[in-house]
Amino acid sequence: MMRYIPSARHADYETGAIPIEHSGWRPEQRLPTHRMLVDDVDTDIVVIGAGLAGASLSLHLAERGVNVVTLEARQPGNGASGRNAGHVQTFLDNLEPLRSWGDRGERFITFFMEHRDIVFDLCARHGIDGDAVKCGMVEAAYRPHAALARKAALWKAHGYDVDVVMAGPLQELLGTGKYRYGIHWREGGRVNPYLFTNGMVSAAVRQGARVFGDSPVIGCHREGQRWRVRTARGSVRAQRIVICTNGHAGNLFFPELARTQYPLLACGMASKPLSPALLDIINPARVAMTHYPTGLYPMVIDGRNRLVTATIPHPGRAHEARTYFAYFLRHLHRIYPRTRDFDIGLGTYWTGITANSSSVYHEDYPKLYQVDDGVLALMNLGTWGNVMGPQLGLSLAQALASERLDDCMLPLEHPEPVRCQRLFEYKTRHLMIPVARVIDHLHLA
Ligand SMILES: Cc1cc2nc3c(=O)[nH]c(=O)nc-3n(C[C@H](O)[C@H](O)[C@H](O)COP(=O)(O)OP(=O)(O)OC[C@H]3O[C@@H](n4cnc5c(N)ncnc54)[C@H](O)[C@@H]3O)c2cc1C
């Protein structure tokens, strides 16, 4: 049965502002909504934004007995966290940027590895029904790549359950002989990020956090030693503010934060549920898949038997759902020729914005900013927030609760504007992705 999907304007696709009802991760049944803030309240810490980062921070602060109020402009998971591709990636592509962090680089990587199961752990511990499955992940390539071999060796040396795999085992895992080389990460997998984010928020409420929806923050100002955070109909007085708005676009409080990242529009789509016969053909091990080196067609099969994928749309054409689904199907049919005999329909299509601290994909690390006295921002989570969002929320909550900010897995920085903020999106959407599509189509990499 088709569920009600509100209409959206082309411009809303282009800005990632289409209603969250378009996201394929929304369940059929409505989740509980969080009421609007209509009073003036006091707390220790106010968290602004309830995506993966803000939800995890609120939960872990509340668990530590900290008095926390969370303000969300709409409802939890409305931002990138309810619109992503559902991959739980438990490794990092490039450790190079960490070298310049000195000891902190070591601390970051240790924390990252120790908590790489955080998505599955949180779901288990708090009874979150987030379709989180540790099904593993395969980076699959048409031919051998030394970079893949080096990556597998690096993480294996760190104790990861990972191997380079050749054509035979790949055929068994993925059900196709098209790939000749790849990495099989037996950790990681998939999650429904919208349900996961909402699950963390509900757990935070159970631990004592007060969460308000439909309460966009419109201003923050000092009141003596404390801060007053204002919404349209209420306010929160707090010792500290932590801003978890990811890109911060359109916000007038601490507007300098909106210049600290490169925004990039991405789109996600989910097929209609597939039959068991078809699922026997496509990816029988049900691992999360990515295509190396282009990264063009990430794919998970979710708990509702749908293929979920994501890509970067052409400039000005983000609303063309059928175009991107057709690209995906073309790829699918090539990797799994037998799927041509089946009718695979597009179920849902949506867009969202990632906020990237670097214009170089693999140098993109999240940021913790000291914005003012008592004001922090945990943002710019880039394209890998499913694991890092919850991890950073945990790490910052530990540091705040113990009053030792230096212990956080991220170094504290001052917000700095990036250069040529729009160039990254221009370069990616006009050049890099179209070229990658041609390379993939012609089987050149
Ligand atoms: C199409 C797509 C595919 C992706 N695929 C993956 C993937 O497979 N795996 C992965 O790990 N990551 C993926 N990502 C990235 C991941 O989704 C993000 O890194 C992550 O969601 C960022 O979380 P966040 O909490 O920082 O931000 P968000 O989820 O954007 O949350 C910010 C919140 O702040 C709120 N807010 C903003 N302004 C205000 C205000 N004034 N007052 C109150 N609240 C405010 C917003 O409403 C929003 O809910 C993908 C992203 C996209 C768009």
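Since the model is a prediction, treat every value here as computed from it, not as a measurement.

Pairing between sheet strands relies on hydrogen bonds along the backbone, with the strands arranged either parallel or antiparallel. Taken in spatial order, the four strands of this open sheet run E14-E15-E12-E16, and their pairing is antiparallel. Each end of this open sheet is capped by a strand with a single partner; those strands are strand E14 (300-301) and strand E16 (346-356). Inspection of the sheet shows E14 paired to strand E15 (residues 307-311) by two bridges, in the antiparallel sense. Its bridge partner lying in E15, valine 300 is registered against valine 308. Those strands touched by helix H10 (residues 321-335) are strand E12 (262-271), E15 and E16, and its axis lies near 100° from that of E16. In the packing of helix H12 (residues 423-441) onto the sheet, the strands contacted are E12, E15 and E16, and the crossing angle to E12 comes to about 45°.

Structurally, the position occupied by asparagine 78 is in the loop between strand E2 (68-71) and strand E3 (87-88). Sequence-distant contacts of asparagine 78, that is, excluding residues within four places in its chain, are made with Ile20, Glu72 and Arg83.

This next bit is on the site of the ligand. If you check the shell around the ligand, you find 33 residues, and the closest are Glu72, Ser81, Asn251, Gly382 and Asn386. Here histidine 87 contributes a backbone N or O atom positioned 3.0 Å from a nitrogen atom of the ligand. Contact between the ligand and asparagine 386: an oxygen atom at 2.7 Å from a main-chain N or O atom of the residue. Burial of the ligand by the surrounding chains reaches 94%, relative to a free accessible area of 1000 Å². When contributions to the shell around the ligand are tallied by element, the ones reaching two or more residues are helix H2 (52-63), E16 and helix H11 (385-401). Counting residues per element, the shell around the ligand draws most heavily on E16, at three residues. In terms of residue class, the shell around the ligand is made up of 15 nonpolar, 16 polar and two charged.

Further remarks concern the sheet that holds strand E13 (residues 288-291). Spatial ordering of the open sheet is given by E5-E6-E4-E13, a layout of four strands whose pairing is mixed. Only two strands of the sheet have a single neighbouring strand rather than two, namely strand E5 (162-166) and E13. Each adjacent strand pair in this sheet contributes to an overall mean axis angle of 20°, direction not counted. Bridge count for strand E4 (residues 137-141) against E13 is four bridges, and the pairing is parallel. Looking across to E13, one finds that alanine 140 is bridged to histidine 291. Contacts between helix H6 (residues 146-157) and the sheet are confined to E4, E5 and strand E6 (181-185), with E6 contributing the most and set at about 20° to the helix. Each of E4, E5, E6 and E13 touches helix H7 (residues 167-174); the most contacted strand, E5, lies at about 105° to it.

What counts, and where the lines are drawn
- Residues numbered from 1 in each chain as written.
- Predicted model: local features only at pLDDT ≥ 70, side-chain atom pairs only at ≥ 80, totals over all residues.
- Heavy atoms only, no water.
- Pairing = 2+ DSSP bridges.
- Helix = DSSP H or I, 4+ residues; strand = E, 2+ residues; numbered from the N terminus.
- Contact = heavy atoms within 4.5 Å.
- Axes fitted to C-alpha atoms, helices over the stretch in contact; angles between N-to-C directions.
- Near = heavy atom within 4 Å.
- Polar contact = N/O pair within 3.5 Å; in protein donor to acceptor, adjacent residues only side chain to side chain.
- Areas by Shrake-Rupley, 256 points an atom, 1.4 Å probe, with all protein chains shown as cover.
- Nonpolar A, V, L, I, M, F, W, Y, C, P; charged D, E, K, R; others polar.

By themselves, these figures tell us nothing about what the structure is for.
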